[in-house]
Amino acid sequence: MKKARLTEEQIIGILQGHEAGAKCADLCRKHGVSEGTFYAWKAKYSGMTVSEAKRLKALEDENAKLKKLLAEQMLDMAAMRELLQKMVTPVAKREAVAHLKAQLGLSERRACQIAGADRTMVRYQSQRAPDTALRVRLRDLANERRRFGYRRLFVLLRREGEASGINRIYRLHREEGLTVRKRKARRKAIGTRTPILIEARANARWSLDFVHDQFACGRRFRVLNIVDDVTRECLAAIPDTSISGRRVARELTALIERRGKPGMIVSDNGTELTWNAILKWCTEAKVEWHYIALGKPMQNGFVESFNGRMRDEFLNETLFRNLAHARNLIAEWVTDYNTERPHSALGYQTHAGFALHLTTAVARPAARDEGSACQAIAQPAPKGVNQLPAPVVVG
């Protein structure tokens, strides 16, 4: 507020001079004020003494302070109401009541009314067990498998005999701060996708691709990954500093001797996979080789997905000293991947368990006529844990 040039005593003296007979224009010219200001003073201070004018000024100042305090209090109350509307959980309401009681000295009844909480809820003492052993085991599993979310950890705990439900495991997983950081969401293509039809049996189709990494010294190496598209097993993961087309053909020959011949092999258009050695091997082994379209890696989505899991759960978490060290660790991880890791697209079964279940289902007499039927294996990821058995061959 702009401070007045004249005090109350001076203003009342000017008004008294006007009452004594002085002209308004002469007084305004003498004191350097306008006639509008003079008549405003007259409306406010006419008939007052100096003490009454000082008392009026003090009352006005006090009234301004009270208005400011009231406005601030109303703003604080509005902010508190908006904050309390967002506190919907009992824990948040208990904390709000405790804060009001400790900081503002309010009674429990008044604090509960402001926070919108029930007094019995505020006084409630949890009877839940501390879950110490379960929390310790959950932390140990999360430290062993740092990229596993609560669903896969729940499956591993169930294998150990833990009877807790998935909601309880999720709550403990969140309270322990074990949430896995998600990758950036990719933009999804708009439109419908045609499911990939393939015979529901092992060795119906293989996919292969390369993934790259480096040693501690900075030297780069690559890994040739071969995946069964139906059982999702990792059939081979061959690390080396250089893998040529002849090496790929030799590894495929050795794999066929151990596992059997595939119906088809799918790969991208890399130079190692389009070399004459691969074309010659396909002719001699009588295996159909399919190359995906250029710039369409999702046509080879099974091995691409495996590469992503391998990168996220293993390569990014491991430091390799040399090639021998990398071969030993990769072989151990592939064994664990096939025999221990639950796969969400397989009903959270292991890859080896699903392959055994699929082989048993096909071998049953009732399913022999359906053994050559085709089904879609491009299944969407489930939202929760599916405890139902994996689907068998259907017509």
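Keep in mind the model is a prediction, meaning the values are calculated, not measured.

J.: Talk me through the packing of helix α8 (residues 132–144) against helix α9 (residues 150–159); I want residue IDs and the actual numbers.
T.: Close contact between α8 and α9 brings their axes to 11 Å; oriented N to C, the two are set at 120°. If you check the angle between α8 and α9, you find them oblique. The two elements α8 and α9 cross, and the hand of that crossing is right-handed. The residues of α9 that touch α8, namely those facing L134, R137, L138, L141 and A142, are L153, L156 and L157. Residue classes in the contact of α8 with α9 are distributed as seven nonpolar, no polar and one charged.

J.: I'd like to hear about the packing of aromatic side chains, residue by residue, with values.
T.: By the definition in use, this model includes ten aromatic pairs. Measuring from ring centre to ring centre gives 5.8 Å for F306 and W333, while their planes differ by 50°; the resulting arrangement is tilted. Of this pair, F306 sits in helix α13 (residues 301–313) while W333 sits in helix α14 (residues 323–339), and the two are 27 residues apart along the sequence. According to the relative accessible area criterion, W333 is buried, its value standing at 11%. Taking the centre distance of 5.7 Å and the plane angle of 65° together, the rings of F314 and F320 count as edge-to-face. Taking relative accessible area as the criterion, F314 reaches 7% and is therefore assigned buried.

J.: Quick rundown of unusual backbone geometry? Include the residues and the values.
T.: It is generally the case that most residues other than glycine have a negative phi and that most peptide bonds are trans. Residues other than glycine seldom take positive phi values, yet N203 does so here, at roughly 70°. For N203, a relative accessible area of 10% gives the class buried. Although it is not a glycine, Y348 sits at a positive phi angle of roughly 60°. With respect to the helices, strands and loops of the structure, Y348 is situated in the loop between α14 and α15 (351–363).

J.: Talk me through helix α2 (residues 24–31); I want residue IDs and the actual numbers.
T.: Of the residues making up α2, those classed as buried are C24, L27 and C28. Projected onto a plane normal to the axis of α2, the buried residues spread over an arc of 95° and lie on a single side. Residues of α2 that are exposed and point more than 90 degrees away from the buried face comprise R29 and K30. G32 lies just past α2 and shows a positive phi near 70°.

J.: Describe the confidence of the model for the chain, naming the residues involved and giving the relevant values.
T.: With 81% of its residues at a pLDDT of 70 or more, the chain shows a mean pLDDT of 81. The spread of mean pLDDT over the elements of the chain runs between strand β7 (residues 374–376), the lowest at 48, and strand β3 (residues 220–228), the highest at 95. Here residues 375–395 scores under 50 on pLDDT; set against residues more than four positions off or in separate chains, the count is 46 contacts.

J.: How would you sum up the nonpolar core? Please name residues and give values.
T.: Ranked by size, the top nonpolar core spans 22 residues in total, and within it I226, L252, W281 and W289 carry the most contacts. Listing elements by their share of this core, those giving two or more residues are β2 (206–214), β3, β4 (234–240), α11 (245–259) and α12 (276–285). Broken down by element, this core gets its largest block of residues, five residues, from α11. Every residue in contact with W281, bar those within four places of it in the chain, is listed here: A249, L252, T253, I256, I265, K286, V287 and W289. In this structure, V227, F320, I330 and Y337 belong to the second largest nonpolar core, which totals 19 residues.

Rules used throughout
- Residues numbered from 1 in each chain as written.
- Predicted model: local features only at pLDDT ≥ 70, side-chain atom pairs only at ≥ 80, totals over all residues.
- Heavy atoms only, no water.
- Axes fitted to C-alpha atoms, helices over the stretch in contact; angles between N-to-C directions.
- Helix = DSSP H or I, 4+ residues; strand = E, 2+ residues; numbered from the N terminus.
- Parallel < 35°, antiparallel > 145°, perpendicular 65-115°, else oblique.
- Left-handed = near helix turned anticlockwise from the far one by under 90°.
- Contact = heavy atoms within 4.5 Å.
- Nonpolar A, V, L, I, M, F, W, Y, C, P; charged D, E, K, R; others polar.
- Phe/Tyr/Trp six-rings, centres within 6.5 Å; stacked < 30°, edge-to-face > 60°.
- Buried < 20%, exposed > 50% of the residue type's maximum accessible area, 1.4 Å probe, protein only.
- Arc of directions from axis to C-beta.
- pLDDT = per-residue confidence, 0-100.
- Core = buried A, V, L, I, M, F, W, Y, C linked by side-chain atoms within 4.5 Å.

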